Amino acid sequence: MPVLRVALDLPLHRLFDYVAESASPEDVGCLVRVPFAKGERVGVIVEVVDASAWPLAQLKMAGDILRDLPPLPGDFLALCEFASAYYQAAFGEVLLQALPAGLKRVARPARRSGRTTNPPERTAPAPELTAEQSVVLGAIDLQARFSAHLLYGVTGSGKTEVYLRLIERTLATGEQVLLLVPEINLTPQLEGRVRARFPERVVVSLHSELAEAARERNWRAAFAGEADIVLGTRLAIFTPMPRLGLIVVDEEHDSSFKQQDGMRYSARDVAVFRAHQRGIPILLGSATPSLESWANAQSRRYALLTLSARANPEAKLPAVHLLDTRRMVLHDGVSEPLIAAISARLERGEQSLVFLNRRGYAPVLACAACGWVSRCRRCAANLVLHLADRRLRCHHCGFEARVPKVCPTCGNQDIHPFGRGTQRLEVWLQEHFPDARILRVDRDSVKSRKQWETMLDRIHGGDADILVGTQMLAKGHDFPKLTLVGVLGADAALFAADWRAPERLFAQLMQVAGRAGRAELMGEVLIQTQYPDHPLYAALVGHDYPGFAAALLREREQAGFPPYAFQAMLRAEAPEMAAAIAFLTTASALPVVRDHGGVVLYDPVPMKLSRLANRERGQLLAESHSRPALQAFLPRWREAVEAIKAPAKLRWHLEVDPLEF
Ligand code: ADP
Ligand code: ZN
Ligand code: ZN
């Protein structure tokens, strides 16, 4: 009797053998129902063989092979295998997390019918290419086998137009395109542009906000080769696409391509592997590429393509000025030159955007009499004051409490918000500009994609004079009447403990600055700072990403940080910090550690957010100057760590290429 080797959605690095009445090698990639423990599960057949390491009599009988869905293709299984090996994640988990939920259910409802059709969309003709766009497009050979390109293009330089042309050429040869974007609900504009350019084509989206049925329908369309273009967030990188001919990753530097829980992977990095595996081109685009990609372009592993000017010749890059707040009077954090600049925009009927990357009213509520501050009971973090609904809220675990009227420890009535967030800024601006229409845009005011679309419509409809917002406003939108961007509170990130903070700050400020002056109206960016001499700001004023990146890369090289070193992080969490640290200490002293000279393990330390939702968290960094050395070490280390006897309440995970510390 044939033996099925089946991958199940379990955190175990092994396959499970079952016998089947009849099965052939053609069933590899099919879903199958199998008994497991006391119940049944759906798994994926990875191999059909004649023998098992176990006595056949001990193997259970597999249930139905679900042949109504065609088998998952070999390249898709290989992609999951790569991700499993690279990220030290169980193969079954990688494979099954990639499938729509409905397919994995033991009792599967009859397949819901329904076709994927595009909603009618106004067609948009393609503009004439700029000279730079033509050069870029000429440099990409779609017939070539694997090639990786980094498209570095300033905001508004017409990167999207380059994507659309490449997509067009790829579709013309009968192939599918995968277009990855950071957060789908932040990019309805892009989706609209894609649909408008290709009204005859089937465009499907894949992201976590889709209802289950729609996601399954879209996934099936991609898998069946019916969808021509798949537009999705990071999870879409694991979509089987039989005719895949091109991958585009927009805003490739964005940290939302990194999954931070469950299976911790970088969709951008998996995308590069996938393109390599399939022998197709991949294009990574950004106005502020990640240093990893920039270094790859410098070393010519990626071809660097540049768009240095805005596509619309009328639209100039905004003038960036620093406001040295050490010598200025501030009104609730807002300087007089910024106030004057906003007033001027109001008079001219133009829009302003005030950027403050901190939502809520104030980051903390404090009592001056006894020193009480609003702390989260479950986390090592403050509760943020939200005056809009009078709540104190933990931005890490979601804990909420009512705003106390008096100090909970000393009864003092005089408790004060400390610092400021977007709500407080909005209140102040409204008091100062009573006739202005002010719109606050952050995760509190925009929770769903629908709300976001409504908000965008209002902004475009000229419904707002002043926008107050967090980084939600920074990404990829065109606001033609926006001519002023004011930046508050950016200094905090200059000296953050996280060595990636400057890279992120620069990208964020470049993005938000890029909102200004997208059309004929000249844009201006005013950055309030107490450190006007900081090189990061000098680079912003000069729109000098390459110079900034070169300086940061030099620093990283000297310090031996990525991309000049390769890292993996072992994290443990437990009710007590001592237990977490003890576990990590044991892990750092395992015999396998001594066998791998090329890998350095640092001391276990508490994480920056040392307590989250009542769990104390520690981490242990493993580092090597050689990727192969680290990759050779990790599976052996992981196996040894799995064998450590840990307290019942301790959880741990291993993250390869961690982004946050
Ligand atoms: P990016 O993606 O680099 O921010 P976009 O592709 O959104 O830039 O282009 C910015 C603006 O320039 C858009 O309004 C777009 O319609 C316009 N644009 C792009 N390419 C051209 C072109 N070749 N000719 C005229 N306008 C263009
Ligand atoms: Zn008090
Ligand atoms: Zn909390």
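Residues numbered from 1 in each chain as written. Chains lettered and ligands numbered in written order. Predicted model: local features only at pLDDT ≥ 70, side-chain atom pairs only at ≥ 80, totals over all residues. Heavy atoms only, no water.

(A) The UniProt feature "binding site: Zn(2+) 1" (unreviewed entry) in the protein chain, seen in detail. As annotated in UniProt, the feature "binding site: Zn(2+) 1" (unreviewed entry) corresponds to Cys367, Cys370, Cys407 and Cys410 in the numbering used here. These residues run over 44 residues, yet every pair of their C-alpha atoms falls within 8.6 Å of each other. Along the chain, Cys367 falls in strand E17 (residues 364-367). Mapped onto the fold, Cys410 is located in the loop between strand E20 (400-402) and strand E21 (415-418). Apart from the residues within four sequence positions on either side, Cys410 is in contact with Cys367, Ala369 and Cys370. (UniProt positions renumbered as here; feature names shortened; annotations may be inferred. Helix = DSSP H or I, 4+ residues; strand = E, 2+ residues; numbered from the N terminus. Contact = heavy atoms within 4.5 Å.)

(B) The packing of aromatic side chains, seen in detail. Applying the stated rule across the entire model yields 15 aromatic pairs. An angle of 5° between the planes, with centres 3.5 Å apart, marks the rings of Phe82 and Phe273 as stacked. On the criterion of sequence distance, the pair formed by Phe82 in helix H1 (residues 74-87) and Phe273 in helix H8 (residues 267-278) is long-range, its members being 191 residues apart. Here Phe82 falls in the partly exposed class, since its relative accessible area comes to 22%. Ring centres 4.7 Å apart and planes at 75° place the aromatic pair Tyr86 and Tyr87 in the edge-to-face group. Under the relative-accessibility criterion, Tyr87 is labelled buried at 3%. In this structure an aromatic cluster arises from ring pairing among Tyr152, Trp294, Phe506, Tyr545 and Phe548. (Phe/Tyr/Trp six-rings, centres within 6.5 Å; stacked < 30°, edge-to-face > 60°. Buried < 20%, exposed > 50% of the residue type's maximum accessible area, 1.4 Å probe, protein only.)

(C) Structural view of the side chain of Ser335. Here Ser335 shows up in strand E15 (residues 334-335). The contact partners of Ser335, leaving out residues within four places of it in the chain, are Leu323, Met328, Val329, Leu330 and Gln528.

(D) Here's a closer look at the coordination of the zinc ion (ligand 2). The protein atoms donating to the zinc ion (ligand 2) are Cys367 (SG), Cys370 (SG), Cys407 (SG) and Cys410 (SG), with metal-donor distances spanning 2.3 Å. Each of the four donor atoms bound to the zinc ion (ligand 2) contributes to angles spanning 104 to 115°, and the resulting shape is tetrahedral. Donor residues binding the zinc ion (ligand 2) come from one chain and are separated in sequence as C-x2-C-x36-C-x2-C. Of this pair, Cys370 sits in the loop between E17 and strand E18 (384-386) while Cys407 sits in the loop between E20 and E21, and the two are 37 residues apart along the sequence. On the accessibility criterion, Cys370 (38% relative accessible area) is partly exposed. By relative accessible area, which is 2% here, Cys407 ends up buried. (Donors = N, O, S within 2.8 Å, 3.2 Å for Na, K, Ca; no water. Tetrahedral: all angles 85-135°; square planar, octahedral: opposite > 155°, others 65-115°.)

(E) Broad picture of the domain arrangement of the protein chain. By domain assignment, the protein chain separates into domain 1 (3-104), domain 2 (131-307), domain 3 (319-361 + 420-554) and domain 4 (566-656). Relative to domain 3, the C-alpha centre of domain 2 lies at a distance of 28 Å. Counting from both sides, the interface comprises 23 residues of domain 2 and, opposite them, 26 residues of domain 3. Inspection of the region where domain 2 meets domain 3 yields three salt bridges. Salt-bridge contacts for Glu191 lead to Arg449; the nearest nitrogen and oxygen are separated by 2.9 Å. Inspection of the domain 2/domain 3 interface yields seven residue pairs in polar contact (both at pLDDT 80 or more). Only helix H6 (188-197) and helix H9 (291-298) provide two or more residues apiece to the side of domain 2 that touches domain 3. Top contributing element to the side of domain 2 that touches domain 3 by residue count: H9, with four residues. When grouped by side-chain class, the residues that make up the side of domain 2 that touches domain 3 number nine nonpolar, eight polar and six charged. (Domains from an automatic or database assignment. Salt bridge = Lys/Arg side-chain N within 4 Å of Asp/Glu carboxyl O. Polar contact = N/O pair within 3.5 Å; in protein donor to acceptor, adjacent residues only side chain to side chain. Nonpolar A, V, L, I, M, F, W, Y, C, P; charged D, E, K, R; others polar.)

(F) Up close: the sheet that holds E18. Strands sit in the order E18-E19-E20 across an open sheet of three strands; the sheet is antiparallel. Each edge of the open sheet is held by one strand with a lone partner, namely E18 and E20. This sheet shows a mean twist of 30° between the axes of neighbouring strands, independent of strand direction. When strand E19 (residues 391-393) meets E20, the two strands line up antiparallel, connected through three bridges. Residue pairing across strands places Arg391 opposite Arg402, the latter belonging to E20. (Pairing = 2+ DSSP bridges. Axes fitted to C-alpha atoms, helices over the stretch in contact; angles between N-to-C directions.)

(G) Highlighting helix H12 (residues 449-460). In a regular helix each residue adds 1.5 Å, so twelve residues correspond to 16 Å; H12 covers 16 Å between its end C-alpha atoms and thus fits that length. Inspection of H12 places Arg449, Trp452, Met455, Leu456 and Ile459 among the buried residues, and these make up the whole buried set. The buried side chains of H12 occupy one side of the element, clustering within an arc of 115° when seen end-on. With respect to the buried face of H12, the exposed residues turned more than 90 degrees away are Lys450 and Asp457. Each element contacted by the buried residues of H12 is listed here: H6, strand E16 (351-355), strand E22 (438-441) and strand E23 (466-469). Residue Gly462 follows H12 closely and has a positive phi angle near 75°. (Expected span 1.5 Å × (residues − 1). Arc of directions from axis to C-beta.)

(H) The coordination of the zinc ion (ligand 3), seen in detail. Looking at the zinc ion (ligand 3), one finds its protein donor set to be Cys376 (SG), Cys379 (SG), Cys394 (SG) and Cys397 (SG), positioned 2.3 to 2.4 Å from the metal centre. Angles of 103 to 114° at the metal separate the four donor atoms of the zinc ion (ligand 3), which places the site in the tetrahedral class. Taken in sequence order, the residues that donate to the zinc ion (ligand 3) follow the motif C-x2-C-x14-C-x2-C. Taken together, the positions of Cys379 in the loop between E17 and E18 and Cys397 in the loop between E19 and E20 put the pair 18 residues apart, joining distant regions of the chain.

(I) Spatial organisation of the nonpolar core. Of all hydrophobic cores here, the largest spans 125 residues; its most connected members are Phe238, Phe633 and Trp637. At seven residues, the largest contribution of residues to this core is made by H1. Look past the residues within four positions of Phe238 in its chain and what remains in contact with it is Phe76, Leu79, Cys80, Ala83, Val94, Gln97, Ala98, Trp219, Met263, Tyr265, Val270 and Arg274. The next biggest cluster of nonpolar side chains, apart from the first, holds 26 residues, and it includes Ile140, Ile167, Val181 and Val203. (Core = buried A, V, L, I, M, F, W, Y, C linked by side-chain atoms within 4.5 Å.)

(J) How the structure looks around the sheet that holds strand E10 (residues 244-249). Strand order in this open sheet of seven strands is E8-E9-E7-E10-E11-E6-E12, and the pairing throughout is parallel. What marks the edges here is a single partner per strand, and that holds for strand E8 (203-206) and strand E12 (303-307). Within this sheet the neighbouring strands show an average axis-to-axis angle of 20°, counted without direction. Across six bridges, strand E6 (residues 147-153) lies against strand E11 (residues 281-286) in parallel orientation. Along E11, the bridge assignment pairs Tyr152 with Ser286. Together, strand E7 (176-180), E8 and strand E9 (229-232) form the strand contacts of helix H7 (residues 212-223), whose direction differs from that of E8 by roughly 125°.

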